[in-house]
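Residues per chain, in single letters:
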Amino acid sequence: MKIDQFLNKIQRHLNLQKFISTVSWSLLAAGIIGIVYALSYILRGHAMIASGYWPLIGSSIVIGSIIASVNRNSREEAAHYADKKWQLKDLMLTTIQLQSSQNDNNKQSISNSEVVELIVSQAEQQAAKVNQDKLTLKWPKHIIFTGTSLLAVSIYMLTIPPSEAVVMKLAHENMIESRSNEVRNELEEYLDELDKSLDDDEKEALKLDELKQWVEEMKITGNEREAMKQFAKLEQKISLNLSQMNHAKEERALKKMAQELRKTDSQQARAIRKDIEKRDYDKAGKKLEDMQFKKNTESSQKKSTPLTEQQKKAAMMRAITKRMANANKSSNQSSSQGQSQGNQSNGSGSNGDNSQQSEIASMVSQLDKTLSELEKELRKCELDGKKLSNQKCESLCNNINDQLCKLSKKMCQTSAQCKASFKLKCLRQGLCQSQSYALGRCNKPSSRPGGQQAGVGSNHSERQERSDHLANGNMAQLQGIKNQTGPSQSSVEEAESGTAISSKNESQRERSYQRSFESFVQRDDIPEELKSGVQNYFESIHQYQEPTIPADQN
Amino acid sequence: MTQTISSPIEEAAEHFKATFKTIRQEVGKFIVGQDDIIENVLISICCGGHVLLEGVPGLGKTALVNTLSQALNLDFQRIQFTPDLLPSDVVGTQVLIEENGHRQLQFQKGPVFCNILLADEINRATPKTQSALLETMQEKRVTVANKTHSIGLPFFVLATQNPIENDGTYALPEAQLDRFFFKLYVTLPNHDDFKEILNRTGGIEQPEIKAVANGEDILKMGHTLRQVAISDEVQDYLVKAVRMTHPENDDSPQEIKQYVRNGASPRAAQSILAAARGRALLDGRFHVAREDVDECAIPAMRHRLILSFEGEAEGILADDLIRKALSAAAK
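Residues numbered from 1 in each chain as written. Chains lettered and ligands numbered in written order. Predicted model: local features only at pLDDT ≥ 70, side-chain atom pairs only at ≥ 80, totals over all residues. Heavy atoms only, no water.

Chemist: Describe in detail the overall build of chain B, supporting the description with residues and values.
Modeler: Along its length, chain B carries 14 helices and 11 strands. Evaluated residue by residue, chain B yields a buried proportion of 51% over its 331 residues. (Helix = DSSP H or I, 4+ residues; strand = E, 2+ residues; numbered from the N terminus. Buried < 20%, exposed > 50% of the residue type's maximum accessible area, 1.4 Å probe, protein only.)

Chemist: Which residues make up the packing of aromatic side chains, and what are the values?
Modeler: All names here are of chain A. In this structure the tally under the stated criterion is eight aromatic pairs over all chains. Their ring planes at 20 degrees and their centres at 5.8 Å tell us that Tyr-513 and Phe-517 sit as a pair that is stacked. Taken as a pair, Tyr-513 and Phe-517 lie in helix α17 (residues 505-520) at a separation of four residues, close to a single helical turn. A residue is classified by how much of its surface remains accessible, and Tyr-513, at 47% relative accessible area, is partly exposed. (Phe/Tyr/Trp six-rings, centres within 6.5 Å; stacked < 30°, edge-to-face > 60°.)

Chemist: Break down the confidence of the model for chain A for me, citing the residues and quoting the values.
Modeler: Residue and element names in this part refer to chain A. Put simply, chain A has an average pLDDT of 78, and 77% of its residues get 70 or more. Across residues 345-354, confidence stays below pLDDT 50; counting only partners more than four residues off in sequence or on other chains, it has 15 contacts. Between residues 546-554, whose pLDDT stays under 50, and residues either more than four places distant or in other chains, the model counts seven contacts. (pLDDT = per-residue confidence, 0-100. Contact = heavy atoms within 4.5 Å.)

Chemist: How would you summarise the sheet that holds strand β9 (residues 182-185) of chain B if you had to cite specific residues and measurements?
Modeler: All names here are of chain B. Pairing is parallel in the open sheet, where five strands are placed in the order β2-β5-β8-β1-β9. Each having just a single partner strand, β2 (76-80) and β9 make up the two edges of the open sheet. Each strand of the sheet is rotated relative to its neighbour by a mean of 20 degrees, with strand direction disregarded. Summarising the sheet, strand β1 (residues 51-54) and β9 pair through four bridges and their orientation is parallel. Across the sheet, Val-51 pairs through a bridge with Phe-182, a residue of β9. (Pairing = 2+ DSSP bridges. Axes fitted to C-alpha atoms, helices over the stretch in contact; angles between N-to-C directions.)

Chemist: Please provide a residue-by-residue account of the side chain of A:Glu260, values included.
Modeler: With respect to the helices and strands, A:Glu260 occurs in helix α11 (residues 247-261). Apart from the residues within four sequence positions on either side, A:Glu260 is in contact with A:Arg323, A:Asn326 and A:Ala327.

Chemist: Outline helix α16 (residues 391-438) of chain A, listing residues and values.
Modeler: With 48 residues, α16(A) extends 68 Å between its outermost C-alpha atoms, agreeing within 8% with the 70 Å of an ideal straight helix rising 1.5 Å per residue. Where α16(A) ends, the next residue or the one after it, A:Gly440, has phi of about 80 degrees, a positive value. (Expected span 1.5 Å × (residues − 1).)

Chemist: Describe the environment of B:Phe309, listing the residues and the values that go with them.
Modeler: Mapped onto the elements, B:Phe309 comes out in helix α13 (residues 309-313). Overall, the relative accessible area of 72% leaves B:Phe309 in the exposed class.

Chemist: Describe a negative patch on the surface, with residues and values.
Modeler: A cluster of acidic side chains, namely A:Asp199, A:Asp200, A:Asp201 and A:Glu204, defines a negative patch on the protein surface. When you line up the elements, A:Asp200 lands in helix α8 (residues 200-206). (Patch = residues over 30% accessible without salt bridge, like charges linked within 9 Å, V, L, I, M, F, W, Y side chains within 5 Å. Areas by Shrake-Rupley, 256 points an atom, 1.4 Å probe, with all protein chains shown as cover. Salt bridge = Lys/Arg side-chain N within 4 Å of Asp/Glu carboxyl O. Lys, Arg positive; Asp, Glu negative; His and termini not counted. Charge placed at Lys NZ, Arg CZ, Asp CG, Glu CD.)

Chemist: An account of the interface of chain A and chain B is requested, with residue identities and associated values reported.
Modeler: Contacts between the two partners involve 17 residues from chain A, matched on the other side by 19 residues from chain B. Interface area for chain A against chain B, summed over the two sides, is near 1600 Å², with a carbon-plus-sulfur share of 56%. Connecting chain A to chain B are two salt bridges. Its salt-bridge partner being B:Arg290, residue A:Asp90 comes within 3.2 Å of it at the nearest N-O pair. Taken together, chain A and chain B are joined by eight residue pairs in polar contact (both at pLDDT 80 or more). For the side of chain A that touches chain B, the secondary-structure elements that each account for two or more residues are α4 (91-103) and α5 (113-129) of chain A. Looking at the side of chain A that touches chain B, its residues break down into seven nonpolar, six polar and four charged. (Buried area = accessible area lost by both parts, 1.4 Å probe. Polar contact = N/O pair within 3.5 Å; in protein donor to acceptor, adjacent residues only side chain to side chain. Nonpolar A, V, L, I, M, F, W, Y, C, P; charged D, E, K, R; others polar.)

Chemist: Please set out the pattern of salt bridges residue by residue, giving values where relevant.
Modeler: Enumeration over the complete set of coordinates arrives at 35 salt bridges over all chains. The closest approach of N and O atoms between A:Arg273 and A:Glu277, which form a salt bridge, is 3.2 Å. Of this pair, A:Arg273 and A:Glu277 both sit in helix α12 (residues 267-277), four residues apart, which is roughly one turn of the helix. Here B:Lys29 makes a salt bridge to B:Glu26, at a shortest N to O gap of 3.2 Å. Taken together, the residues B:Lys29 and B:Glu26, both in helix α1 (residues 8-30) and three residues apart, mark about one turn of the helix. Each of the salt bridges in this network shares a partner with another, and the network as a whole consists of A:Lys89, B:Asp283, B:Arg285 and B:Asp292.

Next up, the structure:
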């Protein structure tokens, strides 16, 4: 039918017009989205990411096209459009509605069919009469122009490079990430080396597996703050591990025992004392273990040990253990006095190490008691005129042997803990340096000559020759006074701008302050927590040094 | 030579257009200007409705009705309403007469028994007299002494009101205003029309009006326009427009809600539809368009919209409110 053809043409025209309009608007939307996306990067100094840009633009245009395709005009809308455009006074609309109501058998048409035919014929005449050339597509030029311009500008913005600040920031982040990774790898290597070099006791004391796990858990990031957090976390864990090692108490007890052992002349005591002073507690423990009484084998069970032999041995051992136990008693007396004074000054009871004796000290005390019993028993046997020891003496000897074994094991453990503690402190110190390196605040400690490997300290006072070390790219030379011990008083620093001599008075003053304060807190009336706190403080803020043994004490 | 065969409906439509045009032309010989008034009055006659004319005296309201009656060759009567007019003066009464020696009551028909009735200054009569006429207009019959007398068709009442001189008048109640098909305002003619009036009426010879149609033509025209079709959409528009005049309707414009007490009734919609059909036929169409509805809405609804006190106090015009309703319905 002519009307159908006419309306179909109108419908197609309207759909195309709608499509053009929708696509134009989606082009504008894409342009706006593109500009917003571009500005969100450019204003922050970053370069635009093309991989995010194109899908965004493409999807907005595609969505617009889909909407335009789906949203089509109906026949009624086409009729309405035609009526309005050619001022047909609802002719087309009435025609299609009357036709559809006539076709619909269920609806009762109130209109005379003759009238309907007349209306249809009028509609056909009008459809033939109207100038269909008036159906021109309207292009929303302004919208298309604006959308295209915005798109072009946003595409141009793709070429804008990131700002210098951002480039530097990204480079900095990359540097932090790569250096953090490097540090972590080095830590892992170091821990692997420790795993190979340490014995089981030391590994246990060091909690090496835990350390490895912590290092593995370190997150590598380019964010400076986050990287600092990671290092701080690890450092905290190491510090926690260190605080949980309670070897200090044992060490102090052993030191006191060494001081007491000076009062005896026996060779064994001297040997043990030397080992303790050198902190070779395991060797000292082995020497103590070697002093065990002979163990009765099956063949010699019927034979008892000669009394004199046992007496001599017991006396020798007693001489050592008595001194060692005395050291413990005197320190307990002084600490209890100090505790009571400390309680008066602090107001609160400070429980902890002061009230608890060290395990080694208690073992030594117990050993001394057992030896005293043995001596008494042997004396009794001598007075009884016996030449061989009795069963009780034998059992006491066995008991003493067991105690010696346990004491030796404990001292080996303490030695392992000391070494582990030393390693951990070195590790912590190295971690601090590595943190500075990872955050770009200094060069790699081991990368240039003059610096020592992370985890190993150097002794300023032993340096007698010129030693160049690099600090942040500048050359510094320490000058010492020949034939005199002690740290350097000045250093020659060579920088890009020239060479100058800087005095090291400040570091000298620091060291003297540290010594005076540490000696002050060694007083007996000072609480143990304060002593250990002061020590920890100076260890954490200063470069860790192996304790130097004064020459006159060797 | 080919001849196009017209269908009956086409012939009827042609007859409608031709007769309408002829009557208009004939009336136009005497009545100067007022083309809209003449057209609307003719449409009302064709639709079987009555018209309320409002205008100051001397604008030719009576002359219009007179001329119409001459052109249509219909029986014309005029009633001048006064406060002392009785209902019996309008509809008729029973009179005692003596016939063949017997006295009996005989019904004397009143002036309403005509085809075209001019009810001049209807608002001057008492409500009782008004209601007598208005009942007749609606029922097209008179009941007196339990006897019903039908009035011949067509029956058309053209009532007039004087917008000035409101002293001693009785305003038509809303229910009775609703019976009028259209309310038309007769305005002062323009300068040229004024001159033409003087020329036509001031001379020795006055235009002679011939009968160009009759009652049957009017009835036929009325039947023809009933066949004009209306689409659902246009009908929806018409209904929406009438509903928009009601303040209780949620979609009504704010002005309607503020200034209208009561909106137009379904009778208004019937009047609009009938008149729109007439306009469509005059336009040569067999379907009603929205434009037809817009043209007929104002005269059909202006007397049916009851303004609120606020609306009356602010001098709001019903025509403006109807235009607002039509705009709202078009959205």
